[in-house]
There are 2 protein chains.
Amino acid sequence: MTVSRYWCELAWLGAGAATADVCVEVDGGRITGIHPGVPRPPDATRLDGLTMPGMANAHSHAFHRALRGRTQVGTGSFWTWRDQMYRFAAALTPDTYFDLARAVYAEMVLAGITSVGEFHYLHHAPGGVRYTDPNEMSRVLAAAAAAAGLRLTLLDTCYLHGGIGVAPNEVQRRFSDGTADAWAERVAAFDGGSPDVRVGAAIHSVRAVDPRAMTTVAEWAAAHDAPIHVHVSEQPAENEECLAEYGLTPTALLGEQGVLGARCTAVHATHLTAADVAMHGEHRCTICMCPTTERDLADGIGPARLLRDAGARISLGSDSHAVIDMFEEARAVELDERLASNQRGSHDAPSLLHAATADGQRSLGWAEAGVIEVGALADLVSVRLDSVRTAGSTAGSALASVVFAASAADVHHVVVGGRTVVAEGLHLSVDVAGSLARAIAQVSEEDV
Amino acid sequence: MTVSRYWCELAWLGAGAATADVCVEVDGGRITGIHPGVPRPPDATRLDGLTMPGMANAHSHAFHRALRGRTQVGTGSFWTWRDQMYRFAAALTPDTYFDLARAVYAEMVLAGITSVGEFHYLHHAPGGVRYTDPNEMSRVLAAAAAAAGLRLTLLDTCYLHGGIGVAPNEVQRRFSDGTADAWAERVAAFDGGSPDVRVGAAIHSVRAVDPRAMTTVAEWAAAHDAPIHVHVSEQPAENEECLAEYGLTPTALLGEQGVLGARCTAVHATHLTAADVAMHGEHRCTICMCPTTERDLADGIGPARLLRDAGARISLGSDSHAVIDMFEEARAVELDERLASNQRGSHDAPSLLHAATADGQRSLGWAEAGVIEVGALADLVSVRLDSVRTAGSTAGSALASVVFAASAADVHHVVVGGRTVVAEGLHLSVDVAGSLARAIAQVSEEDV
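Keep in mind it's a predicted model, so treat the numbers as computed, not measured.

J.: Please provide a residue-by-residue account of the packing of aromatic side chains, values included.
T.: Throughout the structure, instances matching the rule amount to 16 aromatic pairs over all chains. With centroids separated by 4.9 Å and ring planes inclined at 70°, the aromatic side chains of Tyr159 of chain A and Phe175 of chain A adopt a geometry described as edge-to-face. With a gap of 16 residues between them, Tyr159 of chain A in the loop between strand 7 (151-158) and helix 4 (180-188) and Phe175 of chain A in the loop between strand 7 and helix 4 connect regions that are remote in the sequence. Ring geometry for Tyr86 of chain B against Phe175 of chain B: centres 5.7 Å apart, planes inclined by 70°, an arrangement best described as edge-to-face. Residue Tyr86 of chain B is found in helix 1 (residues 78-91), and its partner Phe175 of chain B is found in the loop between strand 7 (151-158) and helix 4 (180-188); the two are separated by 89 residues along the sequence. Judged by relative accessible area, which is 0%, Phe175 of chain B ranks as buried. Sitting above the plane of the Trp366 of chain A ring, Arg151 of chain A keeps its charged end 5.2 Å from the centroid.

Here is the structure:
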């Protein structure tokens, strides 16, 4: 390998403000040197605007992208939305899912995302029939991420029941391995096949996984030192069912079954008791907030500030992909907290960027990413400060301008592990919009 | 004048879905023919994506754009934010305000806005000294709108007091005409100077205008058949002060003073009683929601659905210009209502677009705009359906895709009153980002 050099007009090196004129050296996919306040070396690629570490999309259901714009007709709840989502889930094949996931992951790279955590439960063929390779769909997602040029953490999801004590319905049979042991056996047969793919565990929810099975999944994650993610208290109905059945909140049940801990990410965590908040903090869990989805699905506003104060970390996910824009996710954590609290400034720009980068990457098992530091994976994301959205910002206000006013459309250059994937705002190997249109048309039966 | 023709791949003609292959004929700045389902005439300009009527930004404080990204540091409330805003207000001159407003209005046209309502209270020189022409700042704003290529409703704002029974402070002296009669006298001397400028009235708030003065402003608006706008109940503190002083809510006080009515727009209307909601409905007021600002300033979530059900109309404004994106404002009305109600579907895509177009234009006194109809002002705004954000949409889902997933960056062609101002995403006469950067640097004393 030879050394590549990037010269950043402004770079965020983790402090409260950006640093000017930073030369970053990269070798073998890692950052090998950082030199602030230097003139551009003649051989260095110039990166205008603000350059920041690669962002992590810590909670993705790739196929939900096909629903964008199609689930906004009429009234309804989270549960009627889920019915529409299941219609798309029922139609996917390995081939159509590869096309769709590749396009969605490429949309993510354009937005500055260098690692995605795919909360993957669409394991089997219709009716629950096993593919010849039981990990066919996992392989498809890994291939899609490779084609799109970003890292994948496949959060292989255990999904056994259609509700507490309820058998899976027709669509849900595609999700179920039958037992947690069968889940673990299948997962053991898949290693990702690439240094850019890691495998983690997920428990779909307290609705879909019984307490004994939770423990099996948690033990697998502990034995493999792997991340473990779980949907927690997204809807009040989940809390009510869990309390009625177990006499415990979902958080308390997960705690009792040994799921919580520094390796654990609780997704959403919207409707928590004070004791739940304390428990996530004590266990040093990460909380993956998905604010644009939580708005879209009428979930509510989670207690991000209380969770941070209690000791939890925050990560971010675009989840249902109503939009894919990590700046919108980041600012929404603060803006929705303002709506709930009538106070500004619970989360400042550096802490929101930290959630989008280092804490998100760590929650996906990529602790060596999400920072611009010597030894880190060489992810560089450059954001325009001269678009109509960001114009007027200065070195002193650049972080806040990016977090509070930029859009994914302002990301112009993306380096993932030393490879340039996006330049001048264009993906170098995927026609992203065209691929999205074709892939979504393939899985849409009618003009809805 | 000769007839111009535009052929729209899809056009929103006001129904629940878009119409394909629509030829729109324009003569003398007005729409003179609409022909759906026809092949493109050879002389017609092709408009790809979804073409919709011109949007109205019904509540603007142009100079707040200079604060974008700079007011996100540290904690605080609406009131500490106001202190920062006043520092910029104190620094503006007619020359620097022209440069800033022209750039901000050009950013608006790029976002598909064809009429702006400028809630204008920066009337006088520092200390309240009158300019040689007491309407110097009004002339500056009209010239800025003309240079940017959009229509202006100058909502000339009466601002007399620094709070109920409190004299204006040093900055606020620039806002005050001393008395409502002096306000009316000054306003009478300004006619806008162009068919693209109209003058309306505004009452800053129940804090800044006493009841007798409110009535004077309302009588002026009635006599001139002009719109009248007023900030209402943005913050609980305003309600408390008003109740303590007058024994009435701001809405009830405005009703008693003859301000409410079909010509009246209440801006924000966030913290209302049930009686306030009923009163706005009975008077057929318009409510201008500014959701991205209401998030930014920690105002809270206004009762948009209850107001509509009571009989009020909804319009939209980007207000402090934390962002300028009418699609974000439109979807935020529904998404924030979802957060407050835990229900989806209070406002569907056509009704949100109606707020952004026809009802917004009407609230600014441009009842002949905001619709694609024969006789209407020829505003056409074309939005890409092949960007990464909108890709995958169909004729059936195009309205929802635009409202719920598009960004201002997807607007590619804008015709204002028959003149093309934006083509291929570029403003034809203003370097918008460069102008913003230069204008904001002029009014920024330090790197904050």
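J.: Account for the sheet that holds strand 8 (residues 197-203) of chain B, with residues named and values stated.
T.: All names here are of chain B. Overall, parallel pairing links the eight strands, which are arranged 5-6-7-8-9-10-11-12 in an open sheet. At either end of the open sheet lies a strand with only one pairing partner, and these are strand 5 (55-60) and strand 12 (313-316). On average, adjacent strands in this sheet sit at an angle of 25° to one another, irrespective of strand direction. Across four bridges, the pairing between strand 5 and strand 6 (residues 113-120) is parallel.

J.: Before we move on, can you summarise the interface of chain B and chain A with the specific residues and values?
T.: Listed as interface residues are 57 residues of chain B and, on the opposing side, 57 residues of chain A. Summed over both sides, the interface of chain B with chain A buries roughly 4500 Å², with 54% coming from carbon and sulfur. Counting every contact that joins chain B to chain A gives four salt bridges. A salt bridge links Arg338 of chain B to Asp296 of chain A, with the nearest nitrogen and oxygen atoms 2.5 Å apart. For the pair chain B and chain A, the interface holds 22 residue pairs in polar contact (both at pLDDT 80 or more). Residue assignment for the side of chain B that touches chain A shows that the elements contributing at least two residues are helix 1, helix 2 (94-110), helix 9 (291-296), helix 11 (326-341), helix 13 (398-405) and helix 14 (432-443) of chain B. Split by residue class, the side of chain B that touches chain A holds 23 nonpolar, 19 polar and 15 charged.

J.: Can you break down the confidence of the model for chain A residue by residue, with the values?
T.: Mean pLDDT over chain A stands at 96; residues scoring 70 or higher make up 99%. Here the predicted complex carries an ipTM of 0.96, next to a pTM of 0.97.

J.: Requested: an account of unusual backbone geometry, with residues and values cited.
T.: Although it is not a glycine, Ala298 of chain A adopts a positive phi angle of roughly 60°. Within the element layout of this structure, Ala298 of chain A appears in the loop between helix 9 (291-296) and helix 10 (304-310). Positive phi is not limited to glycine here, since Ser233 of chain B has a value of about 50°. Its location among the elements puts Ser233 of chain B in the loop between strand 9 (228-232) and helix 6 (236-246).

J.: Could you give me a rundown of the pattern of salt bridges, with the residues and numbers involved?
T.: Evaluation of the coordinates by the stated rule reveals 56 salt bridges over all chains. Close ionic contact of Asp379 of chain B with Arg151 of chain B constitutes a salt bridge, the shortest N to O distance being 2.5 Å. Separated by 228 residues along the polypeptide, Asp379 of chain B in the loop between helix 12 (349-363) and strand 13 (380-383) and Arg151 of chain B in strand 7 bring together distant segments of the chain. Each member of the pair, Asp379 of chain B together with Arg151 of chain B, is buried. Each of Arg295, Glu328, Arg331 and Asp336 of chain A takes part in salt bridges that share partners, so that together they form one network.

J.: Can you explain the relation of the copies chain B and chain A? Please cite residues and give values.
T.: For the match of chain B to chain A, the screw axis carries a shift of 0.0 Å, the RMSD comes to 0.0 Å, and the turn is 180°. Accordingly, the operation relating the two chain copies is best matched by a two-fold axis. Taking C-alpha positions as reference, the residue of chain B nearest the rotation axis is Ala409 of chain B, located at 3.7 Å. Counting the interface residues of chain B, we find that 100% of their copies in chain A are interface residues as well, pointing to one common contact surface.

J.: Account for the side chain of Asp299 of chain A, naming residues and giving values.
T.: In this structure, Asp299 of chain A sits in the loop between helix 9 and helix 10. It turns out Asp299 of chain A is buried and unbridged, and the closest side chain with the opposite charge, Arg344 of chain B, is 8.0 Å from it.

J.: Go over the pairing of strand 1 (residues 4-11) of chain A with me, naming the residues and quoting the values.
T.: Remark: a regular strand shows side chains that alternate across the two faces of the sheet. In this structure, strand 1 of chain A lies alongside strand 2 (residues 19-27) of chain A, joined through seven bridges in antiparallel fashion. Each residue of the ladder has a partner; that of Tyr6 of chain A, found in strand 2 of chain A, is Val24 of chain A.

J.: So what's going on with the environment of Ala340 of chain B? Which residues, and what values?
T.: With respect to the helices and strands, the residue Ala340 of chain B is situated in helix 11. For the pair Ala340 of chain B and Asp27 of chain B, spaced 313 residues apart in sequence, the C-alpha separation works out to 46 Å.

J.: Pulling in residues and values, what's your account of the sheet that holds strand 6 (residues 113-120) of chain A?
T.: All names here are of chain A. With parallel pairing, eight strands are arranged side by side in an open sheet as 5-6-7-8-9-10-11-12. Each edge of the open sheet is held by one strand with a lone partner, namely strand 5 (55-60) and strand 12 (313-316). If you compare each strand with its neighbour and ignore which way they point, the axes differ by 25° on average. Pairing analysis gives four bridges linking strand 11 (residues 286-289) to strand 12, with the strands arranged parallel.

J.: Can you break down the environment of Ala182 of chain A residue by residue, with the values?
T.: Structurally, Ala182 of chain A can be placed in helix 4. Taking the C-alpha atoms as reference, Ala182 of chain A lies 27 Å from Asn239 of chain A; in sequence the two are 57 residues apart.

J.: Requested: an account of the packing of helix 2 of chain B against helix 14 of chain B, with residues and values cited.
T.: All names here are of chain B. Axis separation between helix 2 and helix 14 bottoms out at 9 Å; the angle between their running directions is 145°. Classified by chirality, the crossing of helix 14 by helix 2 is left-handed. Taken together, the residues of helix 14 that come into contact with helix 2 (itself represented by Thr96, Asp99, Leu100, Arg102, Ala103, Val104, Ala106, Glu107 and Leu110) are Val432, Ser435, Leu436, Ala439, Ile440, Gln442 and Val443. Residues that form the contact of helix 2 with helix 14 fall into these classes: 10 nonpolar, three polar and three charged.

J.: Help me get a handle on helix 12 (residues 349-363) of chain A, residues and values and all.
T.: All names here are of chain A. Here helix 12 is 15 residues long and its end C-alpha atoms lie 20 Å apart, about the 21 Å a rise of 1.5 Å per residue gives. Of all 15 residues that make up helix 12, 12 are buried, and the element is covered over most of its length. Where helix 12 ends, the next residue or the one after it, Gly365, has phi of about 90°, a positive value.

J.: Tell me about the pairing of strand 9 of chain B, and name the residues and values.
T.: Residues and elements named next belong to chain B. Most of strand 9 is tucked away, with five of its five residues classed as buried. Side-chain alternation along strand 9 places Ile228, Val230 and Val232 on one buried face and His229 and His231 on a second face that is also buried. Two strands pair when backbone bridges link them, and strand 8 and strand 9 are joined in this way by three bridges, in the parallel orientation. Of the residues in strand 9, the one forming a bridge with Ala201 is Ile228. Sheet topology note: the strand 9/strand 10 (residues 264-268) ladder contains five bridges and is parallel.

Analysis parameters
Along each chain, the written sequence defines residue order, and numbers are assigned to residues from 1. Naming scheme: in the order in which they are written, chains are lettered from A and ligands are numbered from 1. Residue-level local features of this predicted model are given only where pLDDT is at least 70; pairs of side-chain atoms are given and counted only at 80 or more, and the full residue set underlies all totals for whole chains, interfaces and linings. Heavy atoms throughout the structure, all of them, feed into the side-chain values; hydrogens and water do not. Any pair of Phe, Tyr and Trp rings, taking the six-membered ring for Trp, is counted once the centres come within 6.5 Å. Such a pair is stacked with planes under 30 degrees apart, edge-to-face with planes over 60 apart, and tilted for the rest. For the purposes of this entry, the term helix denotes a DSSP run of H or I that reaches at least four residues, the term strand denotes a run of E that reaches at least two, and both are numbered from the N terminus. Only protein chains enter the area calculation, which uses a 1.4 Å probe; residues under 20% of their type maximum are buried, those over 50% are exposed, and those in between are partly exposed. Two thresholds decide whether a charge sits over a ring: the Lys NZ or Arg CZ must be within 6 Å of the ring centre and within 35 degrees of the ring normal. Whether two strands pair comes down to DSSP finding at least two bridges between them. Angles run from 0 to 180 degrees between N-to-C directions of axes, and those axes are lines fitted to C-alpha atoms, restricted for helices to the stretch in contact. In what follows, a contact means two residues having at least one pair of non-hydrogen atoms within 4.5 Å. Two parts placed together each lose some accessible area; with a 1.4 Å probe, that loss summed over both constitutes the buried area. Between Lys or Arg on one side and Asp or Glu on the other, a salt bridge is scored when a side-chain nitrogen of the former is within 4 Å of a carboxyl oxygen of the latter. Pairing of N or O atoms within 3.5 Å defines a polar contact, subject to two protein rules: one partner must be a possible hydrogen donor and the other a possible acceptor, and residues neighboring in sequence count only if both atoms are side-chain atoms. For this classification, the nonpolar set comprises Ala, Val, Leu, Ile, Met, Phe, Trp, Tyr, Cys and Pro, the charged set comprises Asp, Glu, Lys and Arg, and every other residue, Gly included, is treated as polar. What pLDDT expresses is the predictor's confidence in each residue, scored from 0 to 100. Each copy is superposed on the other by least squares, with the fit set by C-alpha atoms of residues at a pLDDT of at least 70 in both. For the purpose of charge, His is not counted, nor are the chain termini; Lys and Arg are scored as positive and Asp and Glu as negative. Take the far helix as the reference: if the near one is turned anticlockwise from it by less than a right angle, the crossing is left-handed, and if turned clockwise, right-handed. Here the expected length of a helix is defined as 1.5 Å per residue gap, with one fewer gap than residues.

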